[in-house]
Amino acid sequence: MTISYSWLKDYINAEVSVDEVSRILTAIGLEVEAVEKVEAIKGGLQGVVVGHVLTCEQHPDAERLHVTTVDVGSGEPLQIVCGAPNVAAGQKVPVATIGTQLYFSNGEEVKIKKSKLRGVESFGMICAEDELGFGSSHAGIMVLPADTKVGTPMAEFLKLESEFVFEIGLTPNRIDAASHIGVARDLAAYLAVYFPEKLKKLSRPSVENFKVDNTSNTYRIKIENSEACPRYSGVTVSGVKVAPSPEWLQKKLNAIGVRPINNIVDVTNFVLHEIGQPLHAFDADKIDGKTVVVKTCAEGAAFKTLDEVERKLSSQDLMICSATKPMCIAGVFGGVDSGVSDGTVNVFIESAYFNPVWIRKAAKRHMLSTDASFRYERGADPNITAYALKRAAMLMKEVAGGQISSEVIDVYPQPIAKKVITLYYPNIWASIGKCIDKEVIKKILIGLEFNVESENGRTGSGNLTVSVPTYRVEVTRECDVVEEVLRIYDYNNVEIPQHVNSTLSYSPKPDNEHITNLTADLLSGSGFNEIMCLSLTSSKRYDSLTTYPAEKLVMLQNPNSVELNAMRQTLLIGGIEAIAYNINHRQNNLKLYEFGNVYCKAAPTGGVTERFAEERRLSILMSGQEHEKSWNIAAMPSNFYTLRKFVEQLCQRFGISLDQLQVAELPLDIFTDGIACKLAGKPFLEMGVVSGRLRNTLDVKQEIYAAEIRWNALLQHSSKLKVTYSELPKYPEVTRDLALLVDTKTTFAQLREAAVKAEKKLLKNVSLFDVYEGDKIPAGKKSYALSFTLQDHERTMNDQDIECTMKNLLSVFEKNFGAQLR
């Protein structure tokens, strides 16, 4: 939000500099993100001074040029070649000296340099109006009054004033400060506490002189939906002349970046930014039946807005209508057929209070965001509508003529009362951490326009009952009022205590945050980068998927765009989009991981927790080279087994061995090849090569290897992990190999499990190092080459022990699997 420094000082007559205002506003919660100097003329005419033309002679080689000598009050006169037909000796003229940057009215920029025109040197430029950046005349140079002092800066001669504007990062709860008076109120409250000598007065524009000239053009107002519109006010101004606004009004609006349109519309914008109340001006002659009706219209009704776009209305859109047709989407956008035009003579001014929820939903439905909707959807002041009307009507009379031709018509069936809150001083002091003087507390609240209803001032305690101004829609509890006190008192004035309090807390087991950090450390240490994708995605991404069907998507009712209209069902879509983005930016070698929640519909009826499911997952993705070529190592592309290595390391870190996983069906719409696993009978992991069809939707040509892990399953299993320590073995390991001929249906996992059961004491590890199927192997058979690691912790194994153990294992394989030793 933009606030003008000079405009702010219209309401708060205080001797505070721009820098002081910036510091104070930031300290009291209105963070100043930037302070910009706005010049009346771009460049501020720096380097342009008043000169006196001493001589003017014809150029020897150019009929249309003159050679002049000009006194600019800084030493020797300057020789300047000028092409203006009206240049003459004795004139006082604006001169741009060497080094001056000029910004012409047509947008051209010129830096004045020493030059030579037709053989004659020129040391400056005598300027026309358009060359100085104001006016459009280029008929000749600008001639100044004869008594103008030579050497006077043109900025001083023209009385140019620079403007400063503050860019304030307004938080959603502070809509009361979305106006110059709102900011001035906070600033005055602070100055009243700390610098009362600098604060002369805080004033609002007076409407005491508001006077109804006649009632010849009175309109009727009818509210059919009082829930959506608790208050609606209006007044008419007749006989106006629509024209450009006066300079002062245009200057105010231009300073804050609002484009002037005409005097009527500019007044409504001025009042909006002055006091924060949105207004709308209708051409009164276009209001059929001289009746304004506030109601909803039929579903699907067509309505053309000011931007010439025809929109389909919802039955939940609040509309401002005449007796026969809709004229405006209430609080959001006007209609093309009822607005003020150059031919408007009579104006009906609207000032209303609308239900924030209705306005917010309507604005989202139609993808519209206006200054009015910005304020209404956060909560306007319901008790300022009549004041704003009077202010606007008086300004319209001033800038557009006409007469106020009706009383203020105010329909307010159920006035909104101020909230009354009781504050307990001990609670204030405990919340702030400092005993602030009671008088200071009251002074702050009064400065913020809270009314003190009563006070019980017992020594050391007591309470204070205040009524909250209706412009503070978010202040509803004692703690909210305490925050207001602390905000103006300034957080920086609360000292850091000298003692430290500590609280013992016991984190749940397993500790989700701890396990997450361990996992992130493991993956980051392996060269992966963490990503964070949006939980919102496009429903189109799921149209062709069966594992995550589009029917199970949790759709948004009012999405910001069709690209973000659903909650994601899997992390893999966002991860692939991140890979596509990086590849488009020439980052082809990627190792990524993400922790995040996924969402889907669970049941058609019931509460929120029954109808929708939310699950936390971990995704791991690789693409491109695992590591790039170096002087001592060849480039190595990523592949499925590289990904599997990292996933196995992660599982083993938290006590999940391959023996505990059961094979499940792989989702082939996501992967073309890979593996899916269950843990304790429930889905746990899918990993593999991402399908080409899924990659093609995002125009990714290189292979992607991805895994998705159900985080809660891993987390629960990690609680069973017990880290034990044992003494380093004193006696050596022994390795023996067996080559076995087994049925093709026999798996390595079955052989390993049987070996572990048969020899629990001495067998430390079993690994598979070769698999062979070929011509020399009988049909239905395959050869497994197994390596066995044996170790006795009590003594060194001899050949007899080793041979006995291996015979026992071979016997088990022959008996259970019909294995044959090759």
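Note that residues are indexed from 1 along each chain, following the sequence as it is written. Totals for whole chains, interfaces and linings use all residues, but because this is a predicted model, local features are given only for residues with pLDDT of at least 70 and pairs of side-chain atoms are given and counted only at 80 or more. Side-chain numbers here rest on the full set of heavy atoms in the structure, without hydrogens or water.

Enquirer: Quick question: what am I supposed to make of the overall build of the protein here?
Expert: Where helices and strands are cited, they refer to DSSP runs of H or I of at least four residues and of E of at least two residues respectively, numbered from the N terminus. Looking only at helices and strands, the protein has 21 helices and 45 strands in total. Seen through its principal axes, the protein has C-alpha atoms that stretch 125 × 85 × 65 Å. Burial status follows relative accessibility: with a 1.4 Å probe on protein chains alone, a residue under 20% of its type maximum counts as buried, one over 50% as exposed, and anything between as partly exposed. In the protein, which comprises 822 residues, the proportion classed as buried is 47%. The contact criterion used is simple: two residues touch if any of their non-hydrogen atoms lie within 4.5 Å. A separation of at least 24 residues holds for 70% of the contacts in the protein among residues at least 6 apart in sequence. Throughout, the Shrake-Rupley method with a 1.4 Å probe supplies accessible areas, and for residues the shown protein chains are the sole cover considered. For the protein, the exposed surface amounts to about 41800 Å²; the carbon and sulfur share of it is 49%. Positive and negative side-chain charges of the protein, numbering 91 and 101 respectively, have mean locations separated by a distance of 4 Å. Counted as positive: Lys and Arg. Counted as negative: Asp and Glu, with His and the chain ends omitted from the count. Throughout, a charge is located at the NZ atom of Lys, the CZ atom of Arg, the CG atom of Asp or the CD atom of Glu.

Enquirer: What am I meant to see in the nonpolar core here?
Expert: Proteins that are soluble and globular tend to have nonpolar side chains buried together. Grouped together as the largest cluster of nonpolar side chains are 87 residues, with contacts concentrated most on Ile12, Leu25, Leu191, Ile264, Val271, Ile349 and Leu445. Top contributing element to this core by residue count: helix α5 (residues 180-194), with ten residues. Each residue touching isoleucine 349, except ones within four places of it in the same chain, is listed here: Ser233, Gly234, Val235, Val237, His280, Leu389, Ala392, Ala393 and Met396. Each nonpolar core is a collection of buried residues, namely Ala, Val, Leu, Ile, Met, Phe, Trp, Tyr and Cys, held together in the definition by side-chain atoms within 4.5 Å. Core analysis: the second largest hydrophobic core is formed by 38 residues, Cys321, Cys328, Ala363 and Ala380 among them.

Enquirer: Is there a simple way to think about the pairing of strand β29 (residues 463-468) in this case?
Expert: Two faces, one strand: in a regular strand the side chains alternate between the faces of the sheet. Burial analysis of β29 places six of its six residues in the buried class, the great majority of the element. Burial along β29 is two-sided: the face carrying Asn463, Thr465 and Ser467 and the face carrying Leu464, Val466 and Val468 are both buried. As paired elements, strand β27 (residues 419-424) and β29 share six bridges and run antiparallel to each other. The residue of β29 that forms the bridge with valine 420 is serine 467. As judged from the five bridges shared by strand β28 (residues 451-456) and β29, these two strands associate in the antiparallel manner. Across the sheet, serine 454 pairs through a bridge with threonine 465, a residue of β29. What makes two strands pair is DSSP finding at least two bridges between them.

Enquirer: I keep staring at the pattern of salt bridges and nothing clicks. Help me out?
Expert: A side chain of one charge can pair with a side chain of the opposite charge when the charged atoms of the two come close. When a carboxyl oxygen of Asp or Glu is within 4 Å of a side-chain nitrogen of Lys or Arg, the pair counts as a salt bridge. Per the counting criterion, the structure on display carries 36 salt bridges. The partner of arginine 710 in a salt bridge is glutamate 686, and the shortest N-O contact between them spans 2.6 Å. Linking arginine 710 in strand β41 (residues 704-710) with glutamate 686 in strand β40 (residues 682-690), this pair joins segments that are 24 residues apart in sequence. For the pair formed by arginine 710 and glutamate 686, the shared burial category is buried. Of the charged contacts, one joins aspartate 699 and lysine 701 as a salt bridge, the two residues approaching to 3.2 Å between their closest N and O atoms. With respect to burial, aspartate 699 and lysine 701 carry one shared label: exposed. Through salt bridges with shared partners, a single ionic network connects Arg174, Asp176, Asp186, Arg472, Glu474, Glu484 and Arg487.

Enquirer: Explain helix α14 (residues 512-525) here, please?
Expert: Since the α-helix advances by 3.6 residues per turn, residues separated by three or four positions end up pointing in the same direction. By this rule the span expected of a helix is its residue count minus one, scaled by 1.5 Å. Between its first and last C-alpha, α14 extends 20 Å over 14 residues, near the 20 Å set by a 1.5 Å rise per residue. Among all positions of α14, only Ile515, Thr516, Thr519, Ala520 and Leu523 are buried. Viewed along the axis of α14, the buried residues span an arc of 135°, placing them on a single side of the element. For α14, the exposed residues set more than 90 degrees away from the buried face come down to Glu513, Asp521 and Gly525. For α14, the N-terminal capping position is held by aspartate 511, with its side-chain oxygen 3.1 Å away from the main-chain nitrogen of glutamate 513. The positive-phi residue at the C-terminal boundary of α14 is glycine 527, with phi of around 95°. This arc describes the spread of directions from the helix axis toward the C-beta atoms. The definition of a polar contact used here is a pair of N or O atoms within 3.5 Å, where within protein one atom must be able to donate a hydrogen and the other to accept one, and adjacent residues in sequence count solely through side-chain atom pairs.

Enquirer: I tried to follow the packing of aromatic side chains on my own but got confused; where do I start?
Expert: Aromatic ring pairs are defined here through the distance separating the ring centres and the angle between the ring planes. Pairing of aromatic side chains requires ring centres within 6.5 Å, counting the rings of Phe and Tyr and the six-membered ring of Trp. Pairs whose planes differ by under 30 degrees are stacked, by over 60 edge-to-face, and all others tilted. Taken as a whole and judged by the stated rule, the model has 14 aromatic pairs. Relative to phenylalanine 270, the ring of tryptophan 7 lies with its centre 4.9 Å away and its plane at 10°, an arrangement referred to as stacked. Taken together, the positions of tryptophan 7 in helix α1 (residues 5-8) and phenylalanine 270 in helix α7 (residues 263-275) put the pair 263 residues apart, joining distant regions of the chain. Taken together, the ring pairs in this structure connect Trp7, Trp248 and Phe270 into an aromatic cluster. Taking the ring centre of phenylalanine 646 as reference, the NZ or CZ of lysine 645 above it sits at 4.7 Å. Its end group placed over the ring of phenylalanine 654, arginine 653 keeps NZ or CZ at 5.4 Å from the ring centre. Remark: a charge is flagged as sitting over a ring if the NZ atom of Lys or the CZ atom of Arg is within 6 Å of the ring centre and within 35 degrees of the ring normal.

Enquirer: How do you make sense of the sheet that holds strand β3 (residues 32-38) when you look at a structure like this?
Expert: To summarise the sheet geometry, strands pair through backbone hydrogen bonds and adopt either a parallel or an antiparallel arrangement. In space, the three strands of this open sheet follow the order β1-β13-β3, with antiparallel pairing throughout. Looking at the sheet topology across the chains shown, the edges are occupied by β1 (2-4) and β3. Mean inter-strand twist for the sheet, computed between neighbouring axes without regard to direction, equals 25°. In this structure, β3 lies alongside strand β13 (residues 163-168), joined through six bridges in antiparallel fashion. Looking across to β13, one finds that valine 35 is bridged to phenylalanine 166. Geometry is summarised by axes, namely lines fitted to C-alpha atoms with helices restricted to the contacting stretch, and by angles between N-to-C directions that run from 0 to 180 degrees.

Enquirer: Sorry, what's going on with unusual backbone geometry here?
Expert: What you tend to see is this: most non-glycine residues have negative phi, and most peptide bonds are trans. Even without a glycine there, the phi angle at glutamate 449 is positive, about 70°. Counting through the fold element by element, glutamate 449 comes out in the loop between α12 (438-447) and β28. We classify glutamate 449 as partly exposed; its relative accessible area is 29%. With phi around 90°, aspartate 490 is a residue other than glycine that occupies positive phi space. Take aspartate 490: it is sitting in the loop between α13 (478-489) and α14. With relative accessibility at 4%, the residue aspartate 490 sits in the buried group.

Enquirer: Any chance you could explain the state of the cysteines here in plain terms?
Expert: Each disulfide consists of a covalent bond between the sulfur atoms of two cysteine residues. To count as a disulfide, a pair of cysteine sulfur atoms needs to be within 2.5 Å. Considering all chains together, one arrives at zero disulfides under this definition. Looking at cysteine 297, it has no disulfide partner, and the nearest cysteine sulfur is the one in cysteine 321, 4.0 Å off. No disulfide involves cysteine 600; its sulfur sits 19 Å from that of cysteine 533, the nearest cysteine.

Enquirer: I'm lost on the sheet that holds strand β43 (residues 763-772) in this one. Help?
Expert: One open sheet holds the four strands; their spatial order is β43-β44-β42-β45, and the pairing between them is antiparallel. Among the strands making up the open sheet, the edge pair consists of β43 and β45 (820-821). Direction of pairing for β43 relative to strand β44 (residues 781-790): antiparallel, over a ladder of eight bridges. When the bridges of β44 are listed, tyrosine 772 appears paired with serine 783. Helix α20 (residues 748-758) contacts β43 and β44 of the sheet and is inclined by roughly 155° relative to β43. The strands that helix α21 (residues 799-817) touches are β42 (734-743), β44 and β45; relative to β42, the one it contacts most, it runs at about 15°.

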